[in-house]
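Analysis of the macromolecular model
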Protein chains: 2
Amino acid sequence: MAPTAIAPFQNSSELTQCGIKHTITKTAPSITPNGDITPVINELDASKLVFTRNLSPRAVPEPDSPEVWTQSVCTDHMVTCQWTSTSGWAAPHIQPYGPLQLMPTASVLHYATECFEGLRFYRGHDLKLRLFRPDRNTRRMLNSATRISLPAFEPDELQKLIETLVAVDGEKWLPKSRPGTFLYLRPTMIATAAALGVQKPKEALLYIIACCFPNFDTPSGTTGPSSNSIQQSSKARPGLKLLASKEDTVRAWPGGFGYAKVGANYGPSLVAQGEAKARGFDQVLWLLGKDCDVTEAGASNFFVVWRIGGKLQLVTAPLDDKIILDGVTRRSILQLARERLGGDLEVVERKYPMSEVEDAAEDGRLLEAFAAGTAFFIAPVSSIHFRGKDLEIPMSEGVTGKYAAILKTYLTNIMYGREDHEWGVVVNER
Amino acid sequence: MAPTAIAPFQNSSELTQCGIKHTITKTAPSITPNGDITPVINELDASKLVFTRNLSPRAVPEPDSPEVWTQSVCTDHMVTCQWTSTSGWAAPHIQPYGPLQLMPTASVLHYATECFEGLRFYRGHDLKLRLFRPDRNTRRMLNSATRISLPAFEPDELQKLIETLVAVDGEKWLPKSRPGTFLYLRPTMIATAAALGVQKPKEALLYIIACCFPNFDTPSGTTGPSSNSIQQSSKARPGLKLLASKEDTVRAWPGGFGYAKVGANYGPSLVAQGEAKARGFDQVLWLLGKDCDVTEAGASNFFVVWRIGGKLQLVTAPLDDKIILDGVTRRSILQLARERLGGDLEVVERKYPMSEVEDAAEDGRLLEAFAAGTAFFIAPVSSIHFRGKDLEIPMSEGVTGKYAAILKTYLTNIMYGREDHEWGVVVNER
């Protein structure tokens, strides 16, 4: 965190919990040669941050407590920043976490003019606070905002705001007494203008919250963020059980927006997800087209390891047709596999149909499969139900495949400071 | 309206403008034979309605005033009704129009768990208030809610709630001194539970608002609800100018949710819409697939009238592949055309590619085209820009084609009570 990003402590009584009402800070307007006044369109600027301390902070729940599993407990503060098409970005505000006020006509409530990011911050084994590749998240957020007609911003300024929230709430919420734990950050942008016309948003709110999150990466939490562990089906084998989607249920489409982290990719997937849960599966494996190309698992990227032509390959769907999310975990896995496992493993990004996965399983050439994302992290897959039959997927180490385990260790070491790496961005506490 | 649907006047000071906090009314829980208590899941029930009068009502804007063009002025009251997965529907509440409070983690702000309806109410030339086929809207809202995993409800109860809002605010907001005018109704449902898990909503809010809306069906308003008339490009010819979508921009796809009135169909369309506007067009004509099948225009259904094989045909895209919205105006046009124009006009619902529209235009067989929807009503189309060239579309009556004009008259007569018809549902004022 850049400490200069935080303005001197202010505590305005006007700034309530609903406090998205702060005054828009404008620099002086300029005057054109013919005397017209040009309004200033302000850029997002973390150095203008205003701080209102939460005077009623709450207690931090115990790790893995039922409260944490609700995924609803946020830290004491949140960052908010308003935008209008005429003035640009107002001064960001770090303020007590609390409800937002929206008019019933607000665009986001009708037209899904919303996007978000998901990243974590970690309490390292060296007791430092770290983010993992936050620049990837802030750049992706800009892509998502653009796809859904929300305003642009400088990603580095968003990163500074994220770091500020981590710096302010990190010490209490991710205490040094709990090394090896994390909280989940959710930068969000919504269109707030109160007008029913289907039009490009004229007002928006950017906000960042930090939420207590269960560790899905434990024996009790293998079903990922999309489920409540309490409702999780009892299973004979560990690992995710996936239900392949049918042709009548499609997550994303060429020319659509599958690559963007916009709300419109999530709500419409819940029916299929609910059906999968009701049938005892953990997630949907999203297929696309007549060839049943494999795309994503739930809201995570999907990988297989198979042997083909005498080689061992790590295979995942490509980004170029914009169907799948450009996952930060996905990118990191691919890069580490290329750098560190290149001798063993060929890394392949290409379209592949379910029939190839079936053939590999049939021939005994399928070594493992896993889902990967920020919420899930790396989750081994133990079966895929496709066209009426279960494809059993080996897990060589009992609860995971070999490469999922190796890659998870690489990443965990960077996240928690066991390995010094440029991807682990240390945040200084206040 | 069923007057019995309104409970005796209550004015609770606890029920503020943000007032979505009313107590959930439960009927007594039942006890199973083995002694377990079964919680009661309440159905949506308009007869439980609670009324909090707005003590600070606002002035009604002049028709077609700039305020009306903002599409943000709502009437004095709104209906709200909360739902939870454990208790079902609470007592509906008609209360002062005002902001909603949502937690920053609310599902609707992240996952587009939202759906809505659009319908109008009319002050007839006979001075009565009318809705137009509200049963079609309430049934469609149930379909949309189901598609986006929001809770089910009895459509007739929603209709009663809509009628109640019309009855309460109609006299003041659509006064008898303004026959031939209308207001726009927006029933909306959003998932409100404050939890970041990507999961089926556990809490929801249904609300109904009534908004002053410009009459797009005037010379100053031909560009439809998706634009601000002030920003409308000056045009040589009246009628909508459409820009055909390219293969890299798809509104809806097979196995998706194009048929449902969910937010996820709207936000993602804004980039293409913005590009169309910037290039001087009014709306996007959404095409699908390699054959460039014609689907919708903007957020409206699309119709052509052409001559083929010696017959005159009214043609529109079919509902069966669930790509297009099952428009109430669309259905009504098709039915009236079959009933009243069947001698002249064959009514056809089928897939048709842009090449057929081009061929018909080339041969002089294309007679007219129009968009149709609740906000737009029936809007004649004067040109389509497709693959680098403008397809000029005849408008036999100068500002409209012949059949668009006839169908519009039929519908207007029903809406404003010049024709007594079962589609015009009279609402008694309080």
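Because the structure is predicted, anything quoted here is derived from the model rather than measured.

Another point: the relation of the copies chain A and chain B. In the superposition of chain A on chain B (RMSD 0.0 Å, axial shift 0.0 Å), the rotation amounts to 180 degrees. What the superposition gives is, in effect, a two-fold axis relating one chain to the other. Interface residue correspondence from chain A to chain B reaches 97%, placing this contact among same-surface, isologous pairings.

This next bit is on unusual backbone geometry. Even without being glycine, Gln71 of chain A reaches a positive phi, approximately 55 degrees. Position of Gln71 of chain A among the secondary structure elements: in the loop between helix H1 (66-69) and strand S4 (77-84). Relative accessible area serves as the criterion here: at 3%, Gln71 of chain A is assigned to the buried category. For Ala112 of chain B, which is not a glycine, the phi torsion comes out positive at approximately 55 degrees.

Turning next to the pattern of salt bridges. Opposite charge on two side chains lets them pair, provided their charged atoms get close. Applying the stated criterion to the full structure yields 36 salt bridges over all chains. Between Lys351 of chain A and Asp321 of chain A there is a salt bridge, and its shortest N-O distance comes to 3.9 Å. Taken together, the residues Lys351 of chain A in the loop between strand S18 (345-349) and helix H7 (354-363) and Asp321 of chain A in the loop between strand S17 (311-316) and helix H6 (328-340) connect sequence positions 30 residues apart. As a salt-bridge pair, Arg340 of chain B and Glu419 of chain B come within 2.7 Å of each other at their nearest N and O atoms. With Arg340 of chain B in helix H6 (residues 328-340) and Glu419 of chain B in the loop between helix H8 (402-415) and strand S22 (424-427), the pair connects residues that are 79 residues apart, well separated along the chain.

Attention shifts here to the side chain of Thr80 of chain A. Residues and elements named next belong to chain A. Within the secondary structure layout, Thr80 lies in strand S4. With relative accessibility at 0%, the residue Thr80 sits in the buried group. Polar side-chain contacts of Thr80 include one of 2.6 Å to the side chain of Gln95.

On to the interface of chain A and chain B, then. Tallying the contact residues gives 66 residues for chain A and 65 residues for chain B. The tally of links between chain A and chain B comes to 28 residue pairs in polar contact (both at pLDDT 80 or more). Counting only elements with at least two residues in the side of chain A that touches chain B, the list comes to strand S7 (100-102), helix H2 (107-111), strand S8 (114-116), helix H3 (134-147), strand S11 (181-191), strand S12 (203-211) and helix H5 (270-278) of chain A. Tallied by class, the residues present in the side of chain A that touches chain B amount to 37 nonpolar, 21 polar and eight charged. Inspection of the sheet shows S7 of chain A paired to strand S7 (residues 100-102) of chain B by three bridges, in the antiparallel sense.

Residue and element names in this part refer to chain B. Compared with the 20 Å implied by 1.5 Å per residue over 14 residues, the 20 Å span of H8 between its first and last C-alpha is a close match. Within the span of H8, buried status applies to Tyr403, Ala404, Leu407, Lys408, Tyr410, Leu411, Ile414 and Met415. Angular distribution of buried residues about the axis of H8 spans 160 degrees; they occupy a single face of the element. Looking one or two places after H8, you find Gly417, whose phi comes out positive at around 75 degrees.

In this section: the packing of H3 of chain A against helix H4 (residues 155-173) of chain A. Residue and element names in this part refer to chain A. One can describe the packing of H3 onto H4 by two numbers: an axis separation of 9 Å at closest approach and a directional angle of 125 degrees. Between H3 and H4, the interaxial angle falls into the category oblique. Relative to H4, the crossing made by H3 is right-handed. Along the contact surface, H3 presents Pro134, Asp135, Thr138, Arg139, Met141 and Leu142, while H4 presents Pro155, Asp156, Leu158, Gln159 and Ile162. Tallied by class, residues from the contact of H3 with H4 come to six nonpolar, two polar and three charged.

Among the secondary structure elements, Gly98 of chain A is positioned in the loop between strand S6 (93-96) and S7. C-alpha separation for the pair Gly98 of chain A and Cys74 of chain A, spaced 24 residues apart in sequence, amounts to 9.2 Å.

This paragraph deals with the nonpolar core. Leu109 of chain A together with Leu109 and Phe370 of chain B are the most contacted members of the largest nonpolar core, which totals 104 residues. In terms of nonpolar packing, the next biggest core, distinct from the first, is built from 103 residues, Ala204 of chain A together with Val68, Ala167 and Leu174 of chain B among them.

By volume, the largest pocket amounts to about 920 Å³. In this structure, the largest pocket is lined by 39 residues; those nearest its centre are Trp253 and Pro254 of chain A together with Glu247, Gly289 and Lys290 of chain B. Within the residue set of the lining of the largest pocket, elements represented by two or more residues are strand S14 (283-288) and strand S15 (293-297) of chain A together with strand S13 (240-244), strand S14 (283-288) and strand S20 (377-386) of chain B.

We now examine the pairing of S13 of chain B. Residues and elements named next belong to chain B. Taken across its five residues, S13 has four buried, putting it largely inside the fold. Where S13 lies against S20, four bridges are found, and the strand directions are parallel. The residue bridging Leu240 from the neighbouring strand is Val381, located in S20. When S13 meets S14, the two strands line up parallel, connected through three bridges. Note on S14: the bridge partner recorded for Leu242 is Gln283.

For the coordinates displayed, the defined rule picks out 21 aromatic pairs over all chains. Measuring from ring centre to ring centre gives 5.6 Å for Phe116 of chain A and Tyr111 of chain B, while their planes differ by 90 degrees; the resulting arrangement is edge-to-face. One end of the pair, Phe116 of chain A, is in strand S8; the other, Tyr111 of chain B, is in helix H2 (residues 107-111), on a second chain. Among the residues examined, Phe116 of chain A registers a relative accessible area of 1% and is labelled buried. Taken together, a centroid distance of 4.2 Å and an interplanar angle of 10 degrees make the contact between Tyr184 of chain B and Phe213 of chain B stacked. Remark: Phe213 of chain B occurs in the loop between strand S12 (203-211) and S13 and Tyr184 of chain B occurs in strand S11 (residues 181-191); sequence separation between them is 29 residues. Comparing Tyr184 of chain B with Phe213 of chain B, the two get one shared label, buried. Aromatic ring contacts, followed pair by pair, group Trp253 and Phe257 of chain A together with Trp253 and Phe257 of chain B into a single cluster. Directly above the ring of Tyr259 of chain B sits Lys322 of chain B, whose terminal nitrogen or CZ lies 4.8 Å from the centroid. Over the face of the ring belonging to Tyr410 of chain B we find Arg340 of chain B, whose NZ or CZ atom lies 4.9 Å from the ring centre.

Criteria and cut-off values
- Residues numbered from 1 in each chain as written.
- Chains lettered and ligands numbered in written order.
- Predicted model: local features only at pLDDT ≥ 70, side-chain atom pairs only at ≥ 80, totals over all residues.
- Heavy atoms only, no water.
- Least-squares fit on C-alpha atoms with pLDDT ≥ 70 in both.
- Contact = heavy atoms within 4.5 Å.
- Helix = DSSP H or I, 4+ residues; strand = E, 2+ residues; numbered from the N terminus.
- Buried < 20%, exposed > 50% of the residue type's maximum accessible area, 1.4 Å probe, protein only.
- Salt bridge = Lys/Arg side-chain N within 4 Å of Asp/Glu carboxyl O.
- Polar contact = N/O pair within 3.5 Å; in protein donor to acceptor, adjacent residues only side chain to side chain.
- Nonpolar A, V, L, I, M, F, W, Y, C, P; charged D, E, K, R; others polar.
- Pairing = 2+ DSSP bridges.
- Expected span 1.5 Å × (residues − 1).
- Arc of directions from axis to C-beta.
- Axes fitted to C-alpha atoms, helices over the stretch in contact; angles between N-to-C directions.
- Parallel < 35°, antiparallel > 145°, perpendicular 65-115°, else oblique.
- Left-handed = near helix turned anticlockwise from the far one by under 90°.
- Core = buried A, V, L, I, M, F, W, Y, C linked by side-chain atoms within 4.5 Å.
- 1 Å grid on protein atoms, 1.4 Å probe; cavity = no way out; pocket = protein on both sides within 12 Å on 5 of 7 lines; lining within 4 Å.
- Points joined across faces, edges and corners; volume = space filled by probe spheres on them.
- Phe/Tyr/Trp six-rings, centres within 6.5 Å; stacked < 30°, edge-to-face > 60°.
- Lys NZ or Arg CZ within 6 Å of the ring centre and 35° of its normal.

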